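A look at the structure
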Amino acid sequence: MFPALTMFLLSPFPRQGAGGWTPRVSNRDQWLQIDLGDRVAITAVATQGGYGSSDWVTSYVLMFSDSGRNWKLYRHEESIAGFPGNANADSVVRHRLRPPMEARHLRFLPSAWNRDGRIGMRVEVYGCPFRSEVIDFDGKSSVLYRFVQSTRSPVKDTISLKFKTTQSDGLLFHRRGRSGDCITLELVKGRLLLFFNSGNAAPSPSGPDGVALGSLLDDQHWHSVLFEHARQLVTLTVDRHSRQFQAQGQLSHMDLDPEISFGGILAPGKSVTFQRKHFDGCLENINFNGEDIIDLAKRHRPQILIRGNASFSCSQPQSVPVTFPSSRSHLVLPGTLAQDGASISFQFRTWNQAGLLLSSWPPHGSTGFLLTLRDGALRLGLSPSPGQARSDVTAGVGLNDGQWHSVSLTVQRDQLSVVVDQAGALTVRTAQPLETHAGSAYLFGGCLPPGSGSGCEAPLAGFQGCLRLISVNAQEVDLISVQRGVLGNSSGLRIDSCGILDRCSPNRCEHGGRCSQSWTAFHCNCTGTGYTGATCHHPLYEQSCEAYKHRGESSGRYYIDPDGSGPLQPFPAFCNMTDISWTVMQHNGSALTRVKGADQENAHWAAFQYEASLEQLLATIAHAGHCQQLLEFHCRRSRLRDSRDGTPLSWWVGSTQGTRTYRPGSAPEAQMCACGLAGNCADSRDRCNCDADQDEWTNDTAVLSYKEHLPVTRIVVADAARPSSAAAYKLGPLLCQGDRSFWNSASFHTETSYLHFPTLHAELSADVSFFFKTRASSGVFLENLGITDFISLELRCDQVLKTKFFQFTTFPSSPKAPPAGAWTPSCASVSGGTATRQRGFLGCIRSLQLNGKTLDLEERAQVTPGVEPGCRGHCSTYKRLCRNGGRCRERPRGFSCDCELSAFSGPFCTQEISALFGAGSSVTYNFHEFYPLSTNSSPHAASFHGDMTLAGEMITFSFQTRQTPSLLLYVDSFYDEYLSVILANNGESHLSVSSMCWCLLLMGQVDQEARSQVSLSSGTEFNAVKSLVLGKILEPGRHVDEDTAQAGARGFSGCLSALQFERAAPLKAALRPGRSGRTSVQGPVTSSECGAGPGGDAAREHTHARAGARLVGSGHEPCPGHSKSPGPVGTFLAHPLAGPGQCVVAVSIFVLLCVAAVAVRLYQHRSPYTATEAEGPRKQGSSVAVPRCELGGQDATCGDRQAGF
């Protein structure tokens, strides 16, 4: 370390009596500049306020330069923010520079200071001497370094150097291989491109072998490069940003020639197929495996060959750029007298697509011009007089790429011409003369403020970017004079610095998101990535089939993102939603493969390619509770191992790339097949069936379930070449069930308990996600404690989620309090509970993940007082997923749906129970067992015992049939009361509902898309229900009406599904193996999927809507055309079972068969009504005024009949 350079400088107008630097005017245009005398490595800076004063700086930025020109902002730890300053005049605030910088000149620019004082600074700079060896290339020269084999590193080759240039293109180094391969590091459009080419193929930076790093590297500042090549592993580092990758092919560092050329391709005695542009700039401290190349060149050592004019000092010309940081920044330059017109030239760089770049507003109302940037192209036009049409020309394309572009503008009395990047000139002609006298002024950037008299009325905002090399009439503009106020007029400029930043380098868009930018911001296009958010960080897809299942999804193909917001991409898989969700991952070798002619010298190898990469599969396996893979190996005189010495003859390879000789059904340490463990192999002396070497086919087949070895990636067979020897194998898909991280949870029982996890470290994006459940109204349940910043998420008494420091976009705009006992998804901080003595969180936290990585709550909870592993009450959130009467049952890690009393099955009770009824078939469901209730073991007995009364029961079912008339459903009682649902051929498409006392007629198509609702009412109860019959009535009573008897004799032929009689599922009970004594089946009744939707034979039948009927108390619903009466009513529900495909089928059957009507008859057998009662007046609103329906004719007719019960 050299002694600290302690310096303070006084401004030209010092304030008397105060020690330190204090400018007379305190504004953001002041700076303190220090010349360190030579280029040094600066490691730290320190500041104080003015001695004995109230003057100090609270924040500042630091800039550096080698020559005192072209200053560059130092980005502290990659941040564009400045350094915190002082809080008083006496304390010292020191900042270590990470990374250190090499410079001769420093500038301290105050950005904020004490409000009650002025700018005041004392500064101290710390650093070390810096050794610099420099070589200057003029764009035509190059250096070749040849070395002997003994100097090469046996492990890897390392090349390090620094460069600076004003040119956007040029070759840094090139190295050839023995087979025509080569490695080239080249500067292309201000970016470093490292690419490989094989043989005579032209190197392509955009190809799979090209790697781009860095940006805006032609800024005339030093940039560091480190290149490491170890066999096929390559690491490239540019200004501390690294990329590591595998070189394509077999291009190892051991296969390259012992020579490297710098600055250009120099290959004496060899043909150079691809010429590259030579480097024009300076290289510093070139080092190859510890050898100083520039020092060897300066000493004219024989291993160095120099071609062209290369000097050992950096004498690059210095330019003075100017930055237009805002759309209001502008520069006004006076015009100069010219005889033949005027010319203006300059270079610019920007990210903005549009902006006013240059304009002329001459006096006396003369015609001026506008040079604007629109959609990345330059547009030149005149500023027209009132009533004069504009005439514009456009030049260039994609000029907002951040590169320097040259512009040359020529103004003559009758025309304007512009040239962009030395392309052809474009001309605009004018009918009025253009003024080019000395009174003209040229305005760069935005218009002057109103009231300045400039007359500028530009349609665009001002230019934001950098300019350099500005010339007016072939005279370069001295921007330092502009800075001093001697020349022209300016506002809001940063002269002698180009402040352009590439916010897309390195690319902050994750997961392949495409980055675009303007001068002030960047944007990520996440289309097609599977992610969303500002930086494509938040995943669109779930991490497992378990998560999809608990969103209520059914079986199907889904995209699985196994690490959430982590680096792994989503992949497609099939989710089999049974009681336990299964993830099915297919591969390309699922068919049975036969092997013949393979031996140990010419073994059969089979590699399996899955729909997912190995990393994606391993992540899925790690999350799963259990994984398995079926492996079938069939053999005939094909052994698995040699019985003489135990040499494996056939084996498989798993994820760890090790040879696996144990077979399915066995543990890894057993090294035997399932038959060996069971002791029933073909030969008791062998461990596997195939080792018996029999001349007949046998197999060793079972399931591999050791997760650490899955998936199977290769199978090898090496014993199928002997006479009569053959083998065959078949590998099933990889199956994984469950998701351990989804249910990983912890319960917090005290307000002082918390779980500690590592602190969250993030740059632009990070995510912490979890579910929580609580009944408490407030409490801090997540904190991330940092040195200066922190994150805290808490639940306040106002029942709104409160966040500190971060605004979480996953929260709704108007958050509501989570319901008590319900799981609520959230994104927040890192640790559960609180460690800052605030009121802690009481409740449960589940599935806590940091950037897609699960934090094990249960493991930490086991050793933490006041915290218990696991949570209870999952049904409070997920019971909504149990449909169709299914009941939610709690499990230690999740829940299940109990479909016992539902007419549906499946994980969520959504799969219809359907049956095909043959001719003459019948199913009878008895609501009472045939044996005494004391011995009743039916699970439904508790629901239907004693005198069962129907006062408000719901009946739902679906059907498909070609037969009419048909009896769909018949319910009988011990008192000769009955309910019948009949499909009758009425000659038109309608639903009719009738009873002895009243009827309801609903016209319209059965398979209409709209949901139909029909309400039935009865004035009494349906007592002592005995049984329910589907299909043929085997023992009809004399109390049954003629239509019911006729339909009951024919029964039903077709498909019935989803039959629910309130809390009973008669069809499900009849089809269940080992059915109870409640049900009896006669004739052909078989389980089927005929009610699940279109397809098979069922698709050719007429599909009707599912119907439901509720029997309630008094009230009635009038016939169509009558007014609706008030009072409680029941419902008859009809809605389509299938989509448009079945609607088409319904139309064709309507033409052939004539759509039938459904008649629901409710008969209450009572004493006959009298003629007087029948002829009495109908009272509106009366419970006994009901319509009458006739089913016998072709039309259903309605009349009024009063009936008494």
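Just so it is clear, the structure is predicted and the values come from calculations on it, not from any experiment.

Side note on the overall build of the protein
- Of the regular secondary structure elements, the protein holds 11 helices and 84 strands.
- For the protein, buried positions account for 51% of its 1205 residues.
- Long-range pairs, those at least 24 residues apart, make up 71% of the contacts in the protein between residues at least 6 apart in sequence.

What about helix H4 (residues 614-623)?
- For H4, the set of buried residues is Gln 616, Leu 617, Ala 619, Thr 620, Ile 621 and His 623.
- Summarising the contacts, the buried residues of H4 are in contact with strand S43 (571-577), strand S44 (581-585), strand S47 (626-636), strand S52 (726-737) and strand S61 (853-854).

Quick word on the state of the cysteines
- The final tally for this structure, using the stated rule, is 13 disulfides.
- Between the sulfur atoms of Cys 635 and its disulfide partner Cys 690 the distance amounts to 1.9 Å. Linking Cys 635 and Cys 690, the disulfide has an S-S dihedral of approximately -95 degrees and is accordingly described as left-handed. Of this pair, Cys 635 sits in strand S47 while Cys 690 sits in the loop between helix H5 (674-678) and strand S50 (698-704), and the two are 55 residues apart along the sequence. Side by side, Cys 635 and Cys 690 carry an identical accessibility label, which is buried.
- Paired through a disulfide, Cys 882 and Cys 897 show a sulfur-sulfur distance of 2.0 Å. Across the S-S bond of Cys 882 and Cys 897 the torsion is about -85 degrees, and the bridge reads as left-handed.

Comments concerning the nonpolar core
- Counting 40 residues, the largest nonpolar core has Phe 633, Ile 715, Val 717, Tyr 729 and Leu 734 as its most contacted members.
- Those elements that provide at least two residues to this core are helix H3 (545-549), strand S42 (556-560), S43, H4, S47, strand S51 (714-717) and S52.
- Here this core gets five residues from one element, more than from any other, and that element is S52.
- Sequence-distant contacts of Val 717, that is, excluding residues within four places in its chain, are made with Val 595, Ala 598, Ala 603, His 604, Phe 633, Ser 638, Leu 649, Ser 650, Ala 727 and Tyr 729.

Notes on helix H8 (residues 1042-1050)
- Within H8, the full set of buried residues consists of Thr 1044, Ala 1047 and Gly 1048. Burial along H8 is one-sided: seen end-on, the buried residues are contained in an arc of 100 degrees.
- The distance from a side-chain oxygen at the start of H8 to the backbone nitrogen of Asp 1043 is 3.2 Å, and the residue carrying that oxygen is Asp 1041.
- Residue Gly 1051 follows H8 closely and has a positive phi angle near 75 degrees.

A word on the sheet that holds strand S28 (residues 377-383)
- Taken together, seven strands build an open sheet; the order of strands is S29-S28-S27-S26-S33-S24-S36 and the sheet is antiparallel. Unpaired on one side and paired on the other, strand S29 (393-395) and strand S36 (489-491) mark the two borders of the sheet. Averaged over all pairs of adjacent strands, the angle between strand axes in this sheet comes to 15 degrees, irrespective of strand direction.
- Note: strand S24 (residues 330-334) against strand S33 (residues 441-445), five bridges, orientation antiparallel. Among the inter-strand pairings, Val 332 is bridged to a residue of S33, identified as Leu 443.

Comments concerning the pattern of salt bridges
- On inspection of all chains with the given rule, the structure shows 25 salt bridges.
- A salt bridge links Glu 284 to Arg 39; the nearest nitrogen and oxygen atoms lie 2.3 Å apart. With Glu 284 in strand S19 (residues 280-288) and Arg 39 in strand S2 (residues 32-48), this pair connects stretches of sequence that are 245 residues apart. Across the pair, exposure class does not vary: Glu 284 and Arg 39 are buried alike.
- Through salt bridges with shared partners, a single ionic network connects Arg 39, Asp 66, Lys 164 and Glu 284.

Quick word on the packing of aromatic side chains
- Per the counting criterion, the structure on display carries 30 aromatic pairs.
- In this structure an aromatic cluster arises from ring pairing among Phe 324, Phe 346, Phe 348, Phe 444 and Phe 463.
- If you follow Arg 107 out to its NZ or CZ, it ends over the ring of Trp 31, 4.0 Å from the centre.
- One Lys or Arg, Lys 1026, reaches over the ring of Phe 974 and ends 5.8 Å from the middle of that ring.

Some details on unusual backbone geometry
- Omega for the bond connecting Arg 98 with Pro 99 falls within 30 degrees of zero, at 5 degrees, which places this linkage in the cis form.
- Mapped onto the fold, Pro 99 is located in strand S6 (residues 93-113).
- The step from Thr 964 to Pro 965 runs through a cis peptide bond, and the omega angle for that step is -5 degrees.
- Within the secondary structure, Pro 965 sits in the loop between strand S69 (954-961) and strand S70 (966-973).
- Here the phi dihedral of Asp 239 falls at roughly 50 degrees; this positive angle occurs in a residue that is not glycine.
- Counting through the fold element by element, Asp 239 comes out in the loop between strand S16 (233-238) and strand S17 (241-246).

Description of the side chain of Thr 372
- Note that Thr 372 resides in strand S27 (residues 368-374).
- Excluding anything up to four places from it in sequence, Thr 372 contacts Gly 355, Leu 356, Leu 357, Ala 377, Leu 378, Arg 379 and Leu 460.

Regarding the confidence of the model for the protein
- Confidence in the prediction of the protein, expressed as mean pLDDT, is 75, and 71% of residues score 70 or more.
- Mean pLDDT across the secondary structure elements of the protein bottoms out at helix H10 (residues 1140-1153), with 26, and peaks at strand S23 (residues 322-324), with 96.
- Taken as a whole, residues 1-17 scores under 50 in pLDDT and shows 32 contacts with residues more than four places along the chain or in a different chain.
- Of the regions scoring below 50 in pLDDT, residues 930-946 engages in 29 contacts with residues more than four places distant in sequence or in other chains.

Side note on the pairing of S27
- Summarising burial for S27: six of the seven residues are buried, a large majority.
- With five bridges joining them, strand S26 (residues 355-360) and S27 adopt antiparallel strand pairing. When the sheet's bridge partners are listed, Ser 360 is paired in S27 with Phe 369.
- Two elements, S27 and S28, share seven bridges in a ladder whose sense is antiparallel. Note on S28: the bridge partner recorded for Leu 371 is Leu 380.
- Hairpin connection from S27 to S28: two residues lie between these consecutive antiparallel strands, with Asp 375 at a positive phi of about 55 degrees.

Quick word on the environment of Thr 532
- In this structure, Thr 532 sits in strand S40 (residues 531-532).
- Separated by 19 residues in sequence, Thr 532 and Gly 513 have C-alpha atoms that sit 9.2 Å apart.
- Among residues more than four places away in sequence, those in contact with Thr 532 are Cys 526, His 537, His 538 and Leu 540.

Topic: the side chain of Gln 220
- Inspection of the secondary structure puts Gln 220 in the loop between strand S14 (210-213) and strand S15 (223-230).
- Judged by relative accessible area, which is 7%, Gln 220 ranks as buried.
- Among residues more than four places away in sequence, those in contact with Gln 220 are Asn 70, Lys 164, Thr 165, Thr 166, Gln 316, Pro 317, Gln 318 and Ser 319.

So, the environment of Ser 142
- With respect to the helices and strands, Ser 142 occurs in strand S9 (residues 142-146).
- On the accessibility criterion, Ser 142 (2% relative accessible area) is buried.
- Sequence separation between Ser 142 and Leu 171 is 29 residues; the distance between their C-alpha atoms is 9.6 Å.

Cut-offs used in this document
- Residues numbered from 1 in each chain as written.
- Predicted model: local features only at pLDDT ≥ 70, side-chain atom pairs only at ≥ 80, totals over all residues.
- Heavy atoms only, no water.
- Helix = DSSP H or I, 4+ residues; strand = E, 2+ residues; numbered from the N terminus.
- Buried < 20%, exposed > 50% of the residue type's maximum accessible area, 1.4 Å probe, protein only.
- Contact = heavy atoms within 4.5 Å.
- Disulfide = S-S within 2.5 Å.
- Core = buried A, V, L, I, M, F, W, Y, C linked by side-chain atoms within 4.5 Å.
- Arc of directions from axis to C-beta.
- Polar contact = N/O pair within 3.5 Å; in protein donor to acceptor, adjacent residues only side chain to side chain.
- Pairing = 2+ DSSP bridges.
- Axes fitted to C-alpha atoms, helices over the stretch in contact; angles between N-to-C directions.
- Salt bridge = Lys/Arg side-chain N within 4 Å of Asp/Glu carboxyl O.
- Phe/Tyr/Trp six-rings, centres within 6.5 Å; stacked < 30°, edge-to-face > 60°.
- Lys NZ or Arg CZ within 6 Å of the ring centre and 35° of its normal.
- pLDDT = per-residue confidence, 0-100.

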